[in-house]
Amino acid sequence: MKIIVIGSGFGGLAAAIRLQAQGHQVTILEKRDKTGGRAYVYEQDGFVFDGGPTIITAPWLIDELFEIAGKKTSDYVELVKIDPFYNIRWEDGSIFNYNDDKENLLEQIRKIAPDEIENYKRFAKDLGEIYRVGFDLIDKPFHTVGSMLKVVPQMVKLRSDKSVYKFASKYFKNEKLREAFSFHPLLIGGNPFTSTSIYAMIHELEQKFGVWFAMGGTGALVRALSDLFQDIGGEICLETEVSEISIDEKRKANGAKLKSGEFIEADAVVSNADVAFTYLNLIPEKFRRKYTDKKVKRMTYSMSLFVIYFGTNRKYENMAHHEIIMGKRYRGLLNDIFVNKTLSEDFSLYLHRPTATDESLAPDGCDSWYVLSPVPHLGATIDWKTQAKPYRNSIINYLEKNYMPELSKHIVSEHYIDPLHFEGTLNSYLGSAFSVEPTLFQSAYLRPHNRSEDIPNLYFVGAGTHPGAGMPGVISSGKIVGNLIGRNV
Ligand SMILES: Cc1cc2nc3c(=O)[nH]c(=O)nc-3n(C[C@H](O)[C@H](O)[C@H](O)COP(=O)(O)OP(=O)(O)OC[C@H]3O[C@@H](n4cnc5c(N)ncnc54)[C@H](O)[C@@H]3O)c2cc1C
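So, how was this worked out
Residues numbered from 1 in each chain as written. Predicted model: local features only at pLDDT ≥ 70, side-chain atom pairs only at ≥ 80, totals over all residues. Heavy atoms only, no water. Axes fitted to C-alpha atoms, helices over the stretch in contact; angles between N-to-C directions. Helix = DSSP H or I, 4+ residues; strand = E, 2+ residues; numbered from the N terminus. Parallel < 35°, antiparallel > 145°, perpendicular 65-115°, else oblique. Left-handed = near helix turned anticlockwise from the far one by under 90°. Contact = heavy atoms within 4.5 Å. Nonpolar A, V, L, I, M, F, W, Y, C, P; charged D, E, K, R; others polar. Polar contact = N/O pair within 3.5 Å; in protein donor to acceptor, adjacent residues only side chain to side chain. Salt bridge = Lys/Arg side-chain N within 4 Å of Asp/Glu carboxyl O. Buried < 20%, exposed > 50% of the residue type's maximum accessible area, 1.4 Å probe, protein only. Pairing = 2+ DSSP bridges. Domains from an automatic or database assignment. Buried area = accessible area lost by both parts, 1.4 Å probe. Phe/Tyr/Trp six-rings, centres within 6.5 Å; stacked < 30°, edge-to-face > 60°. Lys NZ or Arg CZ within 6 Å of the ring centre and 35° of its normal. Expected span 1.5 Å × (residues − 1). Arc of directions from axis to C-beta. 1 Å grid on protein atoms, 1.4 Å probe; cavity = no way out; pocket = protein on both sides within 12 Å on 5 of 7 lines; lining within 4 Å. Points joined across faces, edges and corners; volume = space filled by probe spheres on them.

Bringing the packing of helix H1 (residues 10–21) against helix H2 (residues 60–68) into the picture now. Two numbers describe how H1 lies on H2: the axes approach to 9 Å, and their chain directions differ by 25°. The angle between H1 and H2 places the two elements in the roughly parallel class. Once H1 is placed against H2, the crossing between them reads as left-handed. Where H1 approaches H2, its residues Ala14, Ile17, Arg18 and Ala21 are matched on the opposing element by Glu64, Leu65 and Ile68. For the contact of H1 with H2, the residue count by class is 5 nonpolar, no polar and 2 charged.

Set out below in structure tokens:
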């Protein structure tokens, strides 16, 4: 079959590689001038800044893509396991140095709350069961009621209705430990106070398989997957924006209309563009019985992000590759972001210093960075045209005061993005950074399916579809669609 994949995020690349390896003729149509989607790379003043994902988990999902194409990951890109996975820092100066060395983990817990060691052991044991059930769902299509009914008893038993924070609080009394073992949903756009406790399994995933980094940055992994796809005969068209998925009178997708006016024919279409954007903008409403505009707008969406990419003309060796910087408030801040939708004066940050692992990403003696702050999506009434600059200043001042002396003096290259970037450049509904929010009622069968309910040869991959955001999730959505189309041939 001739198959079009709209978008070249990790979900689109994964689907495209699988379909091309099955023998289909696959063409990726990408709006931007480079592949990668949220993993876009900015290169300026000798610095290389990965635009989005940096924490690689479940590396075997990447290996699988090379294997099904008859190749080896190491021939295309070097993945290295990093240590520590990350530091979690609080304003009182305490640091939780997090990796997969059990003795170290227990020591870190002992430093914070010596009487909670046994609590961690019970937490880790119970997580094993959640992981076993949860991770099993990640590459299965959930497009029938039957598929959902099969897992409901296990989800009830595991109390998936509880939030990740509530789950962590069942074991830990100390607030810092509750934060350290519940913040993970934020990595995939979820509020720890409302995301289903299934997502607590990310801790187990990291413990079992580690946290990895692609030498050369995540961009090197994007290039590796793009090269792999082309090496096996796939075609990538950059700066090619789709304006409509064409559907014939038999309600089958037969190609894509481009913004340029061109038409590209296909036997099947896979959309990796944000699922809400795809429904609202690329498929005329008359063809949508299930995902009407009203239904799409009624779903809830993850937060957005404010990200500053910057280069310093000195190194800050005290900072690890990944730093999670907890602010003054945890629940209150998350409430402001997800519920009240206001821009707070305080923040919690994720700080990325890839030069801790790969010095080639900055000129000699320099560090390459990004700092990310979760902020409300565009459903809030924040005027980013006027707020972005002062918000940027307060983040840099905060880092300078607490962690990185004289930072502003040492910044020699800089670029920042706000929710308007996610909406305008990445075509994400409401400028959400992770698409559909990962709540219990928007997960598995209840999340947008990987095959359209209305158009049988139209498929969806990426963050807003099942299983959800994050590299393991979107790469798995590519696997699901590869299997669904494979079976349909
Ligand atoms: C700052 C940031 C940090 C993150 N950190 C991590 C992390 O450390 N680890 C992790 O696992 N995950 C992380 N994530 C989440 C992860 O990056 C995403 O969930 C994942 O990359 C999304 O992939 P996707 O397949 O949904 O496609 P996307 O990356 O959303 O790409 C979609 C593509 O579709 C294209 N497109 C849209 N509309 C059209 C159109 N009409 N025509 C043609 N092309 C179109 C877009 O240009 C884009 O290239 C992070 C996300 C962000 C934003």
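Picking up after the structure, the text goes on.
Relative to the elements of secondary structure, Thr312 occurs in strand E14 (residues 304–312). Of the polar contacts made by the side chain of Thr312, one reaches the side chain of Trp369; its length is 3.0 Å. For Thr312, the residues in contact, after removing those within four places along its chain, are Phe47, Cys366, Asp367, Trp369, Leu407, His410, Ile411 and Val412.

A full pass over the atoms with the stated rule returns 25 salt bridges. The partner of Lys121 in a salt bridge is Glu118, with the nearest N and O atoms 3.6 Å apart. Here Lys121 and its partner Glu118 are both found in helix H4 (residues 117–136), 3 residues apart, which amounts to about one turn of the helix. Judged by its relative accessible area of 42%, Lys121 is partly exposed.

Right, let's talk about the sheet that holds strand E16 (residues 349–352) for a bit. Pairing between the strands of a sheet comes from backbone hydrogen bonds, and it takes one of two forms, parallel or antiparallel. Pairing is mixed in the open sheet, where 7 strands are placed in the order E7-E6-E15-E16-E17-E14-E18. Edge strands, defined here as strands with exactly one partner in the open sheet, are strand E7 (95–98) and strand E18 (411–417). Averaged over all neighbouring strand pairs, the angle between strand axes comes to 15°, with direction disregarded. As paired elements, E14 and E18 share 6 bridges and run antiparallel to each other. Paired with Val307 across the bridge in E18 is Ile417.

This paragraph deals with the domain arrangement of the chain. Split by domain assignment, the chain resolves into domain 1 (2–42 + 53–80 + 213–298 + 439–488), domain 2 (103–209) and domain 3 (304–424). Each partner contributes to the interface: domain 2 provides 11 residues, whereas domain 3 provides 6 residues. For the pairing of domain 2 and domain 3, the buried interface totals around 840 Å² over both sides, and the portion due to carbon and sulfur atoms is 76%. In terms of surface lost to domain 3, no three residues of domain 2 exceed Glu179, Asn191 and Phe193, which account for 53% of the buried area on that side. At the boundary of domain 2 with domain 3, the tally comes to 0 salt bridges. In this assembly, domain 2 and domain 3 are joined by 2 residue pairs in polar contact (both at pLDDT 80 or more). Along the lines of polarity and charge, the residues of the side of domain 2 that touches domain 3 split into 5 nonpolar, 4 polar and 2 charged.

Next up on the list: the pairing of strand E15 (residues 322–325). Every second residue of E15 is oriented toward a common face, with His322 and Ile324 on one face and Glu323 and Ile325 on the other, all of them buried. In terms of strand pairing, strand E6 (residues 86–89) meets E15 through 3 bridges, oriented parallel. Directly across from Arg89, in E15, lies its bridge partner Ile325.

With that out of the way, let us pick up the packing of aromatic side chains. Taken as a whole and judged by the stated rule, the model has 36 aromatic pairs. For the ring pair Phe123 and Phe172, a centre distance of 5.2 Å and an interplane angle of 55° mean the geometry is tilted. Within this pair, whereas Phe123 is found in helix H4, its partner Phe172 is found in the loop between helix H6 (164–171) and helix H7 (175–180), the two being separated by 49 residues in sequence. With centroids separated by 5.2 Å and ring planes inclined at 65°, the aromatic side chains of Phe167 and Tyr171 adopt a geometry described as edge-to-face. Remark: Tyr171 and Phe167 occur in helix H6; sequence separation between them is 4 residues, near one turn of the helix. Taken together, the aromatic side chains of Phe85, Tyr86, Phe96, Tyr98, Tyr120, Phe123, Phe167, Tyr171, Phe172, Phe181 and Phe183 make up a single cluster linked through ring pairs. The positively charged end of Arg32 is found above the aromatic ring belonging to Tyr40, 3.8 Å away from the centroid.

Across its 19 residues, helix H13 (residues 384–402) extends 26 Å between first and last C-alpha, which sits within 8% of the 27 Å expected from 1.5 Å per residue. Within the span of H13, buried status applies to Trp384, Ala388, Tyr391, Arg392, Ile395, Ile396, Tyr398 and Leu399. For H13, the buried positions fall inside an angular range of 155° around the axis, keeping them on one side. N-capping of H13 is provided by Asp383, with a side-chain oxygen placed 3.0 Å from the backbone N of Lys385.

Another point: empty space enclosed by the protein. Under the defined criterion, the tally for this structure stands at 4 cavities of 30 Å³ or more. Within this model, the second largest cavity holds a volume of roughly 50 Å³. Looking at the second largest cavity, the residues that line it are Val48, Phe49, Asp50, Gly216, Gly217, His352, Pro354, Leu361, Ser368, Trp369 and Tyr370. Only strand E4 (47–50) and strand E17 (367–375) provide two or more residues apiece to the lining of the second largest cavity. For the lining of the second largest cavity, the class distribution of residues is 6 nonpolar, 4 polar and 1 charged.

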